[in-house]
Amino acid sequence: MRTAATVTLADVRAAAARIAGQVIRTPTVLSDAVSRAAGARVHLKLDNLQATGAFKERGAANRLALLSARERAAGVIAMSAGNHAQAVARHAALLGIAATIVMPKFTPATKVVRTEGWGARVVLVGETLAEAAAHAHDLALREGLTFVHPYDDLGVIAGQATMALEMLEDAPELEVLAIPVGGGGLLAGCAVAARGLKPSVEVVGVEVEFYPAMAQRLAGKPVAVGGPTIAEGIAVRDVGETPYAMLRDMGIEVLVVPERAVEQAIALLAEGAKVVAEGAGAAALAAVLAYPDRFAGRAVGLPVCGGNIDARILANVLLRNLLRDGRILRLHLDIPDRPGVLADIATRVAAAGGNVIEVSHQRLFASPSVQTAELELMVEVRDTPQGNAIVAALEAGDYVVRRG
């Protein structure tokens, strides 16, 4: 018998019909480049192509469509510092519903502006998400607004689950789905949809190492999370009780991935698939990279569930990945302070096929002797062997080279 706090495949199908035309049915594409790099047949569900850049529109659209006439007239309220805020604001505007979004004071100005751009009233309150949430609940009671939770709501979960419904309809050969976990709504809903459509499909969740709240809850451990992460969209302390109960009852496993794997996934999506993903949106691919034996040779469905990454952060991730892959060399040399030395070094680098992209030359403070200077080079190369050849060419000129 169905309990009150669960979602069924019928609910997901009804949600899909309800939000049709309001939410983009995004493509599911087999990426050759990502598949070769990951050692699996990787199908990407491109929900970063939604109007607000993230899957959150699915849950928001379904939940708002379920409001009564009285609730629509009174308006809705949500708490979010990111994608949920824009999703609720957009779909409330489409339905002519007044929306209030409570955001923490630290929310980047660009996200505030985008949310206001959909016509929502934005209230900046609190130093933490918990403080902002408390204010949102209080405001909902005082003003008679309907609170739209980002993940602990059956209507939201059913709407989010339409992602898995579309993936398996478009790529029925899928053997496993890896789904990022924040509060748990997306994973819980997708697990219901996937098992209903194809009982043999495996569904796993993915959390980042500093925020493994759902994995800890499912293992019966106390929740201990915190720290910097590029996957801020899934950096959740308090998971949803409804998704937690659903995942526990279905026996869903949650994999925990290192921060570095998320950065590698962002870079692989950008370079290999030509797809821009935020940290949370790349977490599913991070699991395939971090657990290669688990996914090797299998048909894997991965949602790119968000693409709202700051341009500066994306640039830094790509550069860090080039350094890790050996495609950018950072070299330090102590050199004689005399004419012609810099030209000789540049010639040796160029002869070996390297491209100098940045130079730092310090005479006064960094050098151990007044007769020497410290030189730092950033050199672009094809691969590690070419980088080694450049270092060898410099050492052949009696330069002492340190990699850094």
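Thresholds, definitions, all that
- Residues numbered from 1 in each chain as written.
- Predicted model: local features only at pLDDT ≥ 70, side-chain atom pairs only at ≥ 80, totals over all residues.
- Heavy atoms only, no water.
- Pairing = 2+ DSSP bridges.
- Helix = DSSP H or I, 4+ residues; strand = E, 2+ residues; numbered from the N terminus.
- Axes fitted to C-alpha atoms, helices over the stretch in contact; angles between N-to-C directions.
- Core = buried A, V, L, I, M, F, W, Y, C linked by side-chain atoms within 4.5 Å.
- Buried < 20%, exposed > 50% of the residue type's maximum accessible area, 1.4 Å probe, protein only.
- Contact = heavy atoms within 4.5 Å.
- Left-handed = near helix turned anticlockwise from the far one by under 90°.
- Nonpolar A, V, L, I, M, F, W, Y, C, P; charged D, E, K, R; others polar.

Description of the sheet that holds strand 14 (residues 401-403)
The strand order across the open sheet formed by 4 strands is 12-13-11-14, and the pairing between neighbours is antiparallel. Taken across any chain shown, the strands that pair with only one partner, and hence form the sheet edges, are strand 12 (355-362) and strand 14. Neighbouring strand axes in the sheet, compared pairwise and without regard to direction, differ in orientation by 25° on average. One ladder, built from 3 bridges, connects strand 11 (residues 328-336) with strand 14; its direction is antiparallel. Residue L331 lies in a different strand from strand 14, and its bridge partner there is R403.

Notes on the sheet that holds strand 2 (residues 41-45)
Taken in spatial order, the 6 strands make up an open sheet running 1-2-10-7-8-9, and their pairing is mixed. The outermost strands of the open sheet, each flanked by one partner alone, are strand 1 (28-30) and strand 9 (253-257). Ignoring strand direction, the axes of neighbouring strands in this sheet form an average angle of 30°. Across 5 bridges, the pairing between strand 7 (residues 176-180) and strand 8 (residues 202-208) is parallel. The residue bridging I179 from the neighbouring strand is G205, located in strand 8.

Notes on the nonpolar core
In this structure, L44, I266, L269, L285, F295 and L302 are the most contacted members of the largest nonpolar core, which totals 42 residues. The element contributing the most residues to this core is helix 14 (residues 279-290), with 8 residues. In contact with L44, other than residues within four places in its own chain, are P27, T28, V29, S31, L269, A273, L302 and V304.

Brief notes about the packing of helix 17 (residues 341-351) against helix 18 (residues 384-395)
Relative to each other, helix 17 and helix 18 sit at 145°, their axes nearing to 9 Å. Helix 17 and helix 18 meet at a crossing whose hand is right-handed. Two secondary-structure elements touch here, helix 17 through I345, R348 and V349 and helix 18 through I390, A393 and L394. For the contact of helix 17 with helix 18, the class distribution of residues is 5 nonpolar, no polar and 1 charged.

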